[in-house]
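Listed below are the residues making up each chain.
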Amino acid sequence: MSLTSPICEKMGIRYPIFGLAHDIDVMVALGKAGGYPVFGAARSMPDEIAEVARIMKSELGDRPFGIDLMLPSTVGDDTDRDGTKSNLPEEHKQFVKELTEKYNVPKATKPTFFSSQIRSQQLFEEQLAATLESEAHSFASAVGMPAEMIKRAKDYGKITFSLVGAPRHAEKAKAAGVDVIVAQGYDAGGHTGPIGTFSLVPQVVDVAGDIPVLAAGGVGHGRHIAASFGLGAQGVWLGTAWLASKEHALCDALLNKLLKADSLDTTISLSHSGKSCRLIKSAWTDEWDQPDAPKPLKMPYQQVLTADIIAGINEHEIEPLIYEATGQSIAWFNELMTVEEIMQRLVSESDAALSNMRNLLAS
Ligand SMILES: Cc1cc2nc3c(=O)[nH]c(=O)nc-3n(C[C@H](O)[C@H](O)[C@H](O)COP(=O)(O)O)c2cc1C
């Protein structure tokens, strides 16, 4: 039995396994392994997006790839990061100062996306323009899906994906003319809604009608892939899976945390971006959960507040505090593998699960 579905032919890929990462080596490896890579560009400047697309095109040739942006409509037009930072509440600035001292976090020596930018509608527009003008085959939108942007992407000939966390979001995506809907459940790493994947996917499939649906959130084993077909999806979309890949080359402090983790080691927290986001538990999430901690600020202010300390934590690998967006599927990734090996494991497990299902139903 071979793992395939109609979306493979439609997209020109071998396996119905789609993956998002913010790392280009991971994405190139996924494309070469027969999956569909979608580079997460929400943390990239427009010129970086153009460069990522150029590299992916030259590495992948005719194989398709996409670019994903986060486009929350609740974020405003403020582009003055320094001015915004100085006006943040004193209580929050003091809390971050205390964390910096308590955990001896040195200053970062290099700027990061968040330590130099504030998310704004202007930045989103520039990121979108770079994405649409690139050779990416598709455009994926998450945490917001302005219908006008979907139309523009289609005018550029892009296939459009929309990540949704509720049936009503799927209705919006359908009305906007999206080509593929990704039903991303509560189990997922990253920004996520409250509906579990098992409950969400069939509801989104029912809304989607002829539009293909991918199941996302908690997919870590081929049995999940087989189950996703049972729920009506045509494929799966994974994020956590690639964090523990050799290509991702995460620093040891973070990688060791992830390899040891199980599903209980992730938590939903507002502390990353101000929106509900599933992260690996760490002293960072614990500190923000304390009863006397301030309530995280709304997007984009939380990342203006925390960008400098986060840059220091990541650059200097401050083990207790370091964290990343991580889903409950982390339980299935406890050994460092290449992306190709992860793909082969998922494919062979799926084949076995599908054939077990057939045997079970025939007996
Ligand atoms: C480290 C990480 C970063 C993510 N960043 C984004 C992002 O920028 N845009 C997006 O649409 N989804 C993002 N996601 C969510 C994924 O697209 C995907 O829906 C999710 O990871 C699926 O669940 P899983 O983590 O169980 O595989 C991210 C997930 C992870 C783990």
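Residues numbered from 1 in each chain as written. Predicted model: local features only at pLDDT ≥ 70, side-chain atom pairs only at ≥ 80, totals over all residues. Heavy atoms only, no water.

Looking at an unreviewed UniProt entry, one finds the protein named Nitronate monooxygenase and attributed to Sneathiella litorea.

Novice: Would you mind showing me how to read the site of the ligand here?
Specialist: Around the ligand sit 18 residues in total, of which Asp68, Gln184, Gly218, Gly239 and Thr240 are the nearest. In this structure, a nitrogen atom belonging to the ligand sits 2.7 Å away from a side-chain N or O atom of Asp68. Residue Gln184 places a side-chain N or O atom 2.6 Å away from an oxygen atom belonging to the ligand. Contact with the protein chains removes 95% of the 590 Å² of surface that the ligand exposes when unbound. Taken together, the residues of the shell around the ligand sort by class into 8 nonpolar, 8 polar and 2 charged. (Near = heavy atom within 4 Å. Polar contact = N/O pair within 3.5 Å; in protein donor to acceptor, adjacent residues only side chain to side chain. Areas by Shrake-Rupley, 256 points an atom, 1.4 Å probe, with all protein chains shown as cover. Nonpolar A, V, L, I, M, F, W, Y, C, P; charged D, E, K, R; others polar.)

Novice: Help me understand the sheet that holds strand β10 (residues 266–269), please; the structure alone is not making it clear to me.
Specialist: The sheet built from 3 strands is open, its strands ordered β7-β11-β10 with antiparallel pairing. Of all strands in the sheet, those bounded by a partner on one side alone are β7 (190–191) and β10. Relative to strand β11 (residues 277–280), β7 runs antiparallel, the two being bridged by 2 bridges. Pairing of His191 across the sheet is with Cys277, part of β11. (Pairing = 2+ DSSP bridges. Helix = DSSP H or I, 4+ residues; strand = E, 2+ residues; numbered from the N terminus.)

Novice: I tried to follow the side chain of Gln127 on my own but got confused; where do I start?
Specialist: Relative to the elements of secondary structure, Gln127 occurs in helix α7 (residues 121–133). Of the polar contacts made by the side chain of Gln127, one reaches the backbone oxygen of Ala42; its length is 3.5 Å. Here Ser44 takes part through its backbone oxygen, which lies 2.9 Å from a polar atom of the side chain of Gln127. Setting aside residues no more than four positions away along its own chain, Gln127 makes contact with Ala41, Ala42, Ser44, Pro46, Ile49, Leu69 and Phe113. (Contact = heavy atoms within 4.5 Å.)

Novice: Is there a simple way to think about α7 in this case?
Specialist: Note on helix geometry: an α-helix contains 3.6 residues per turn, so any two residues three or four positions apart are oriented the same way. Taking 1.5 Å of rise per residue, the 13 residues of α7 would be expected to cover 18 Å, and the 18 Å separating its terminal C-alpha atoms lies within 8% of that figure. On its buried face, α7 sits against α3 (46–60), β3 (66–70), α6 (113–116), β4 (138–142) and α8 (147–155). (Expected span 1.5 Å × (residues − 1).)

Novice: Explain the pairing of strand β8 (residues 213–216) to me, please; I cannot follow it from the model alone.
Specialist: Regular strands show a simple pattern: their side chains alternate between the two faces of the sheet. Residue alternation in β8 divides its side chains into two sets, Val213 and Ala215 and Leu214 and Ala216, and both sets are buried. Sheet analysis places strand β6 (residues 180–184) next to β8, joined by 4 bridges and oriented parallel. By the bridge assignment for β8, Val182 is matched with Leu214. Sheet topology note: the β8/strand β9 (residues 235–238) ladder contains 3 bridges and is parallel. Following the sheet pairing, Ala215 is matched in β9 by Val236. (Buried < 20%, exposed > 50% of the residue type's maximum accessible area, 1.4 Å probe, protein only.)

Novice: Before we go on, may I ask you to explain the pairing of strand β5 (residues 159–164) in this structure?
Specialist: For β5, the tally of buried residues reaches 6 of 6 residues, placing the bulk of the element in the interior. Going residue by residue along β5, you find Ile159, Phe161 and Leu163 tucked away on one face and Thr160, Ser162 and Val164 tucked away on the opposite face as well. Taken together, the 4 bridges between β4 and β5 define a ladder with parallel strand orientation. Bridge pairing links Ser138 to Ile159 in β5. The parallel pair β4 and β5, bridged by α8, forms a crossover whose chirality is right-handed. By the bridge criterion, 4 bridges tie β5 to β6 in an arrangement that is parallel. The residue bridging Val164 from the neighbouring strand is Ala183, located in β6. On the question of chirality, the crossover connecting β5 to the parallel β6 by way of helix α9 (residues 167–176) is right-handed. (Right-handed = clockwise from strand over helix to strand, strands pointing away.)

Novice: What is the right way to look at unusual backbone geometry in this model?
Specialist: Across the chain, the bulk of peptide bonds are trans and the bulk of non-glycine residues have phi less than zero. A cis amide bond links Met299 to the next residue, Pro300, at an omega of 10°. Even without being glycine, Ala249 reaches a positive phi, approximately 50°. Mapped onto the elements of the fold, Ala249 is located in the loop between β9 and α12 (252–260). A positive phi angle, close to 50°, is found at Glu317, a residue other than glycine. Tracing the sequence through the fold places Glu317 in the loop between α14 (301–315) and α15 (339–362). For Glu317, a relative accessible area of 37% gives the class partly exposed.

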